[in-house]
Number of protein chains: 2
Amino acid sequence: MNSVSTSPLSIPTIDDVIAAHKRIKPYIHQTPVLTSRLINGLAGAELFFKCENLQKAGAFKVRGATNAVFGLSADKAGLGVATHSSGNHALCLSYAAGQRGIPITVVMPHTAPQAKKDAVLGYGGKIVECEPSTSSREAVFADVVAASGADFVHPYNDPRVIAGQATCAHELLQQVDNLDAVIAPIGGGGMVSGSCLTLSQLAPKTKIYAAEPLQADDAARSFKAGYIIADDAPHTIADGLKVPLKDLTWHFVSNHVSDIFTATEADIVMAMKLVWKHMKIVIEPSSAVPLACILKHPEVFKNQRVGVIVTGGNVDLDSLPWL
Amino acid sequence: MNSVSTSPLSIPTIDDVIAAHKRIKPYIHQTPVLTSRLINGLAGAELFFKCENLQKAGAFKVRGATNAVFGLSADKAGLGVATHSSGNHALCLSYAAGQRGIPITVVMPHTAPQAKKDAVLGYGGKIVECEPSTSSREAVFADVVAASGADFVHPYNDPRVIAGQATCAHELLQQVDNLDAVIAPIGGGGMVSGSCLTLSQLAPKTKIYAAEPLQADDAARSFKAGYIIADDAPHTIADGLKVPLKDLTWHFVSNHVSDIFTATEADIVMAMKLVWKHMKIVIEPSSAVPLACILKHPEVFKNQRVGVIVTGGNVDLDSLPWL
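Residues numbered from 1 in each chain as written. Chains lettered and ligands numbered in written order. Predicted model: local features only at pLDDT ≥ 70, side-chain atom pairs only at ≥ 80, totals over all residues.

Here's the deal with the interface of chain B and chain A
And then number 1: Each side of the interface is counted separately: chain B has 15 residues, and chain A has 15 residues.
And then number 2: Of the residues belonging to the side of chain B that touches chain A, the class tally is eight nonpolar, three polar and four charged. (Contact = placed C-beta atoms within 7 Å. Nonpolar A, V, L, I, M, F, W, Y, C, P; charged D, E, K, R; others polar.)

Here it is in structure tokens:
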């Protein structure tokens with residue numbers, strides 16, 4: 001019988017976050033918080049950049065992936081983990097599985113860039129290729145899981161992953177006092193949900209904003225509509241932010257986010273270059289969306305102390321968007 | 001009467017370093033130390049990158065410049081500071097003078113890139129242009145100093161500047177234990193001298209190496225010859241490393257450096273891209289020379305714990321050397 005699932009959501013709690021932080025600490029960096037007087041001047045606000053681009057594997061997603069991998073029982077772990085992703089989650093889950101010494105299979109369209117495949121292979125991941133369609137991906141992935149018994153770690157709609165991502169805001173609160181707001185990019189909503197989980201419990205006065213490419217603004221439209229709207233294959237340079245919200249992340253976004261702002265492609269590239277030039281760090285386009293939104297909405301952030309989550313730094317250095 | 005100066009050198013001491021560190025702390029960043037498992041694997045050593053590219057004004061030179069500026073008496077400070085440089089020292093001295101609120105004049109050839117001029121102006125510096133020759137620069141600079149009474153802060157051959165640069169190794173020793181070696185780029189020798197000053201006193205078992213572009217290898221040749229050899233206008237992508245040693249820096253280099261290695265232009269670009277790609281930080285070509293040398297001489301650094309001074313991150317993002 002086909003029916004819509006009505007099972008209650010498994011919502012992670014702040015205790016899960018604290019347990020996750022303890023579990024993953026040996027395998028991740030405590031990333032630095034950087035500031036720029038020049039960019040503060042442009043923004044009219046005091047910005048604290050939480051640099052997850054300097055994280056292991058170059059992205060915050062290593063937090064959730066590591067929490068999922070190291071939370072498995074020995075028996076389950078022996079069967080390995082699997083996911084479908086051609087982005088940072090695939091890299092980060094491969095890193096985490098390598099740290100625990102367990103098998104990892106990534107289902108990826110054969111059209112994915114060779115650099116992404118090489119990066120997964122470099123971390124010891126095994127790749128199974130599918131066609132570049134949802135139906136092929138789901139069929140191939142079901143076969144992989146059935147054959148191996150591997151544990152499926154979803155890129156964001158998984159309580160273990162959200163609790164892991166929530167350790168980023170947990171660290172940030174230990175590094176910076178009295179934040180008026182935190183802003184993070186939103187794609188599937190894993191980082192935003194983790195930030196909501198931590199801040200709603202430990203810093204309830206800190207507002208939470210999300211930042212999204214205008215060309216992939218499904219979360220902003222969902223937020224206004226009051227239900228999840230999923231786009232079909234949006235195009236944006238911020239390629240980490242193309243995926244839609246799911247039930248678990250929608251729970252956090254709909255309950256705790258104050259607003260979702262959008263930025264044009266040109267705004268994103270400008271903000272990205274600004275950070276490279278003045279902060280001397282390599283950030284990927286997705287990571288530039290929050291700054292682009294801050295610069296577009298100075299009235300919202302004026303004179304505030306704002307945590308800005310820089311989500312990752314995995315870019316193709318041979319093809320930069322301003323060149 | 002013309003004669004070679006025989007006045008004794010004014011050699012800074014470790015007490016000067018400790019005083020400098022206290023003096024400049026409010027105006028500089030304590031820069032992070034970053035590591036990369038992948039680059040460690042390539043090097044066969046444990047590398048600790050001291051990230052002065054993330055320093056104020058994007059370069060370690062802000063340490064020496066700030067020490068000189070804030071060490072001036074109120075009377076002297078009122079007359080301002082001056083220097084001749086078209087590189088990071090000009091930027092950093094402008095930053096430091098701005099922090100103290102005193103005048104700063106930079107003599108720069110009119111042929112210097114507009115981006116460099118804009119950066120100095122952006123920090124509140126005043127530019128006086130000269131012809132692109134040593135004679136013009138010296139004549140114009142003498143006029144500036146005579147007219148203003150400004151204090152000349154040399155880019156490296158100045159005990160206040162060397163004591164300031166020495167605070168970088170001082171910080172590194174507080175951040176990383178048991179370093180077998182420290183390696184830094186060498187141009188005029190300010191950073192290397194500062195590192196020698198601190199390490200010879202506080203960590204005498206830590207070896208000190210310098211790294212130089214093969215196409216501007218005057219320090220390596222000086223080191224072998226036993227006296228200063230100055231090249232006339234060498235060409236290298238590592239444009240911060242073209243200047244020659246002077247008497248004060250030669251004192252430290254000749255007494256405390258274990259060896260000076262060289263790297264080709266191709267080695268430098270490869271190492272620079274490696275750091276951008278895997279460490280997600282923007283470093284300038286000069287800063288890549290130490291890693292290039294480590295990768296060329298694995299036998300020297302094998303299994304050692306090595307501090308690598310990343311000196312700066314001021315690059316033209318519109319013209320990258322691998323594109």
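Describing the sheet that holds strand S7 (residues 181-185) of chain B
Residues and elements named next belong to chain B.
And then number 1: Pairing is mixed in the open sheet, where six strands are placed in the order S1-S2-S10-S7-S8-S9. Edge positions in the sheet fall to strand S1 (33-34) and strand S9 (259-263), since each has one partner strand and no second.
And then number 2: The sheet contact formed by strand S8 (residues 207-213) and S9 spans five bridges and is parallel. Bridge assignment links proline 213 to a residue of S9, and that residue is alanine 263.
And then number 3: This element, helix H9 (residues 190-202), spans S7, S8 and strand S10 (305-310) of the sheet and lies at about 160 degrees to S7.
And then number 4: Each of S7, S8, S9 and S10 touches helix H13 (residues 285-296); the most contacted strand, S7, lies at about 130 degrees to it. (Pairing = 2+ DSSP bridges. Helix = DSSP H or I, 4+ residues; strand = E, 2+ residues; numbered from the N terminus. Axes fitted to C-alpha atoms, helices over the stretch in contact; angles between N-to-C directions.)

So, the relation of the copies chain B and chain A
Note on the chain copies: they are related by a rotation about an axis and a translation along it.
And then number 1: Superposition of chain B onto chain A requires a rotation of 180 degrees combined with a translation of 0.0 Å along the rotation axis, giving an RMSD of 0.0 Å. Here the copies are linked by what is in effect a two-fold axis. Taking the C-alpha atom as reference, chain B places isoleucine 281 of chain B closest to the rotation axis, 2.1 Å from it.
And then number 2: A high fraction, 100%, of the interface residues of chain B reappear at the interface in chain A, so the copies pair face to face through one surface. (Least-squares fit on C-alpha atoms with pLDDT ≥ 70 in both.)

Description of the environment of histidine 154 of chain B
And then number 1: Along the polypeptide, histidine 154 of chain B turns up in the loop between strand S6 (151-152) and helix H8 (159-175).
And then number 2: Counting along the chain gives 65 residues from histidine 154 of chain B to histidine 89 of chain B, while the straight-line C-alpha distance between them is 8.7 Å.

Observations concerning the domain arrangement of chain A
Residue and element names in this part refer to chain A.
And then number 1: Here chain A is partitioned into domain 1 (14-59 + 159-310) and domain 2 (62-152).
And then number 2: The interface of domain 1 with domain 2 comprises 19 residues on the first partner and 16 residues on the second.
And then number 3: Elements supplying a minimum of two residues to the side of domain 1 that touches domain 2: helix H1 (14-24) and helix H8 (159-175).
And then number 4: For the side of domain 1 that touches domain 2, the leading source of residues is H8, giving eight residues.
And then number 5: Grouping the constituent residues of the side of domain 1 that touches domain 2 by class yields 10 nonpolar, six polar and three charged. (Domains from an automatic or database assignment.)

Some words on the packing of helix H1 (residues 14-24) of chain B against helix H3 (residues 61-70) of chain B
Residues and elements named next belong to chain B.
And then number 1: Relative to each other, H1 and H3 sit at 85 degrees, their axes nearing to 9 Å. The angle between H1 and H3 places the two elements in the roughly perpendicular class. The segment H1 lies against H3, with Ala20, Arg23 and Ile24 engaging Arg63, Thr66, Asn67 and Phe70. (Parallel < 35°, antiparallel > 145°, perpendicular 65-115°, else oblique.)

Points about the confidence of the model for chain A
And then number 1: Considering every residue of chain A, the mean pLDDT works out to 95; 98% of them sit at 70 or more.
And then number 2: Taken over the whole predicted complex, pTM reads 0.94, whereas the ipTM for its chain interfaces reads 0.93. (pLDDT = per-residue confidence, 0-100.)

Section: the sheet that holds strand S3 (residues 81-84) of chain A
Residues and elements named next belong to chain A.
And then number 1: The parallel open sheet is built from four strands, whose spatial order is S5-S4-S3-S6. On the outer flanks of this sheet lie strand S5 (126-130) and strand S6 (151-152), each paired with one strand and no other.
And then number 2: Note that S3 and S6 share two bridges and pair parallel. In the strand pairing of S6, valine 81 is matched with aspartate 151.
And then number 3: Together, S3, strand S4 (104-109), S5 and S6 form the strand contacts of helix H7 (residues 134-148), whose direction differs from that of S4 by roughly 165 degrees.

A short note on the packing of helix H3 (residues 61-71) of chain A against helix H5 (residues 88-100) of chain A
Angle between the axes and distance between the axes are the two parameters that describe a pair of packed helices.
Residue and element names in this part refer to chain A.
And then number 1: Where H3 meets H5, the closest approach of the two axes is 8 Å, and the angle between their N-to-C directions is 40 degrees. Between H3 and H5, the angle is such that the two are oblique. Crossing of H3 over H5 shows right-handed handedness. Between H3 and H5, the contacting residues are Lys61, Val62, Ala65, Thr66, Val69 and Phe70 on the first element and Asn88, His89, Cys92, Leu93, Tyr95, Ala96, Ala97 and Arg100 on the second.
And then number 2: Residue composition of the contact of H3 with H5, grouped by class: nine nonpolar, three polar and two charged. (Left-handed = near helix turned anticlockwise from the far one by under 90°.)

Here we look at the pairing of S7 of chain B
Residues and elements named next belong to chain B.
And then number 1: In terms of burial, S7 is a largely internal element, five of the five residues being buried.
And then number 2: By the alternation rule, side chains of S7 split into Ala181, Ile183 and Pro185 and Val182 and Ala184, which are all buried.
And then number 3: Relative to S8, S7 is paired through five bridges, and the arrangement is parallel. When the bridges of S8 are listed, alanine 184 appears paired with alanine 210.
And then number 4: Viewed along the sheet, the connection from S7 through H9 into S8 turns out right-handed.
And then number 5: The pairing of S7 with S10 spans three bridges and is classified as parallel. Residue pairing for S10: isoleucine 183 is matched across the bridge by valine 308. (Buried ≥ 20, exposed ≤ 12 C-beta atoms within 10 Å, placed from the backbone. Right-handed = clockwise from strand over helix to strand, strands pointing away.)

Some words on the environment of alanine 115 of chain B
And then number 1: Looking at the element boundaries, alanine 115 of chain B is found in helix H6 (residues 114-122).
And then number 2: Residues alanine 115 of chain B and glutamine 201 of chain B lie 86 residues apart in sequence; the distance between their C-alpha atoms is 39 Å.

What to know about the pairing of strand S4 (residues 104-109) of chain B
Residues and elements named next belong to chain B.
And then number 1: Burial runs high along S4: five of the six residues are buried.
And then number 2: Examined bridge by bridge, strand S3 (residues 81-84) and S4 share four bridges and lie parallel to one another. Bridging from a neighbouring strand, threonine 83 pairs with valine 106 of S4.
And then number 3: Following the backbone out of S3, through helix H5 (residues 88-100) and into the adjacent parallel S4, one traces a crossover that is right-handed.
And then number 4: Relative to strand S5 (residues 126-130), S4 runs parallel, the two being bridged by five bridges.

Considering H1 of chain B
Residues and elements named next belong to chain B.
And then number 1: For H1, every residue scored as buried is listed here: Asp16, Val17, Ala20, His21 and Ile24. Buried residues in H1, looked at end-on, bunch into an arc of 135 degrees, giving them a common side. Structural note: H1 exposes Asp15 and Lys22 on the side pointing more than 90 degrees away from its buried face.
And then number 2: In this structure, the buried residues of H1 make contact with H3, H8 and H9. (Arc of directions from axis to C-beta.)

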